[in-house]
Amino acid sequence: MKNFLAILGTNSDHSTNRLLLQFMQRHFAEQANIEIFEIKNIPAFNKPEVKQAPHEVQKLTDKMREADGVIISSPEYNHSVPAILKSTLEWVSYTNQALVDKPVMLTGASYGKLGSSRAQSHLRQILDSPELKARIMPSSEFLIGYSLQAFDNNGQLKDQAKIEELEQIFKDFIQFVEITNQLVNASDSHQKKATNFSWETH
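Everything numeric here is computed off the predicted structure, so don't read it as measured data.

(A) Structural view of the pattern of salt bridges. One pass over the structure, following the stated rule, counts eight salt bridges. In this structure, the salt-bridge partner of arginine 118 is glutamate 76, at a minimum N-O distance of 2.8 Å. Placement of arginine 118 in helix H4 (residues 117-127) and of glutamate 76 in the loop between strand E3 (69-73) and helix H3 (83-95) is noted, with a sequence separation of 42 residues between them. A salt bridge links lysine 86 to glutamate 90; the shortest N-O distance between them is 2.6 Å. Of the two residues, lysine 86 and glutamate 90 both sit in helix H3, four residues apart, roughly one turn of that helix.

Structure follows, in structure tokens:
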């Protein structure tokens, strides 16, 4: 059984993305272990004199390294991801590159009609940057629009078609993780490049 780390990409106390990840955790319990990680306690990125991660960042990156894959669920703020999610990824890229070659699945829930489509597009660009170099599953947007109405009082998705869509994407992600990890095990070139990468020289 795969072990996945699910990152809640917001510091909101009342997030439909948290509901989405909790639903996935329950719904796919027989297919994978999904651990949800809250980033609300991670400080805003402030470039340190040495590349040493704060405790909460180190805790996150240790879990990233141990996971078979990472799921990120983000809302959309002003056509992009929340500041805390970008700040968290900046910590990861600057300190230890724990996402290099890590299979990543993107999901998102937002109050508007389009869900988090523009935020996911932006997030793909961020994750493909030189010090992150995550392996993002292609052609796999999972979006929940009008998310305040999408869940019932028990945190269950109401729309059966959406559940079936999520089931197919999750099945694809498990296969993507297996293929990606086989490729990564055959080559560590990305990890070497990321380790030597410097913001100051690019």
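Anyway, onward from the coordinates.
(B) Region of the structure containing the side chain of threonine 107. Considering the arrangement of structural elements, one finds threonine 107 in strand E4 (residues 103-109). Among the residues examined, threonine 107 registers a relative accessible area of 1% and is labelled buried. Here serine 73 takes part through its side chain, which lies 2.9 Å from a polar atom of the side chain of threonine 107.

(C) Spotlight on the nonpolar core. In this structure, Met64, Ile72, Leu99 and Leu127 are the most contacted members of the largest nonpolar core, which totals 31 residues. Secondary-structure elements contributing two or more residues to this core are strand E1 (2-8), helix H2 (55-66), E3, H3, E4 and H4. Apart from residues lying up to four places away in sequence, methionine 64 is in contact with Leu5, Ile7, Val70, Val92, Ala98, Leu99 and Lys102. Core analysis: the second largest hydrophobic core is formed by 27 residues, Met24, Ala109, Leu166 and Phe170 among them.

(D) Expanded view of the packing of H3 against H4. Between H3 and H4, whose axes approach to 11 Å, the crossing angle comes to 10°. The orientation of H3 relative to H4 falls into the category roughly parallel. H4 is crossed by H3, and the crossing has right-handed handedness. For the pair H3 and H4, contact is made by Leu85, Lys86 and Leu89 and by Leu123, Ile126 and Leu127, respectively. Considering only residue class, the contact of H3 with H4 consists of five nonpolar, no polar and one charged.

(E) Representation of H2. Across its 12 residues, H2 extends 17 Å between first and last C-alpha, which sits within 8% of the 16 Å expected from 1.5 Å per residue. For H2, every residue scored as buried is listed here: Glu56, Val57, Leu60, Thr61 and Met64. End-on view of H2: buried residues confined to an arc of 130°, all on one side of the axis. Facing away from the buried side of H2 by over 90 degrees, the exposed positions are His55 and Glu66. On its buried face, H2 sits against E1, strand E2 (32-38), E3 and H3.

(F) Looking closely at the pairing of E2. As judged from the seven bridges shared by E1 and E2, these two strands associate in the parallel manner. When the sheet's bridge partners are listed, leucine 8 is paired in E2 with glutamate 38. Taking the sense of rotation as the criterion, the β-α-β connection linking E1, helix H1 (residues 16-27) and E2 turns out right-handed.

(G) Examining H1 more closely. Over its 12 residues, H1 runs 16 Å from end to end, which matches the ideal 16 Å to within 8%, given 1.5 Å per residue. Measuring from the side-chain oxygen of the N-cap residue of H1 to the backbone nitrogen of asparagine 17 gives 3.0 Å; that N-cap residue is serine 15.

Criteria and thresholds
- Residues numbered from 1 in each chain as written.
- Predicted model: local features only at pLDDT ≥ 70, side-chain atom pairs only at ≥ 80, totals over all residues.
- Heavy atoms only, no water.
- Salt bridge = Lys/Arg side-chain N within 4 Å of Asp/Glu carboxyl O.
- Helix = DSSP H or I, 4+ residues; strand = E, 2+ residues; numbered from the N terminus.
- Buried < 20%, exposed > 50% of the residue type's maximum accessible area, 1.4 Å probe, protein only.
- Polar contact = N/O pair within 3.5 Å; in protein donor to acceptor, adjacent residues only side chain to side chain.
- Core = buried A, V, L, I, M, F, W, Y, C linked by side-chain atoms within 4.5 Å.
- Contact = heavy atoms within 4.5 Å.
- Axes fitted to C-alpha atoms, helices over the stretch in contact; angles between N-to-C directions.
- Parallel < 35°, antiparallel > 145°, perpendicular 65-115°, else oblique.
- Left-handed = near helix turned anticlockwise from the far one by under 90°.
- Nonpolar A, V, L, I, M, F, W, Y, C, P; charged D, E, K, R; others polar.
- Expected span 1.5 Å × (residues − 1).
- Arc of directions from axis to C-beta.
- Pairing = 2+ DSSP bridges.
- Right-handed = clockwise from strand over helix to strand, strands pointing away.

These values are about where atoms sit, not about what they do.
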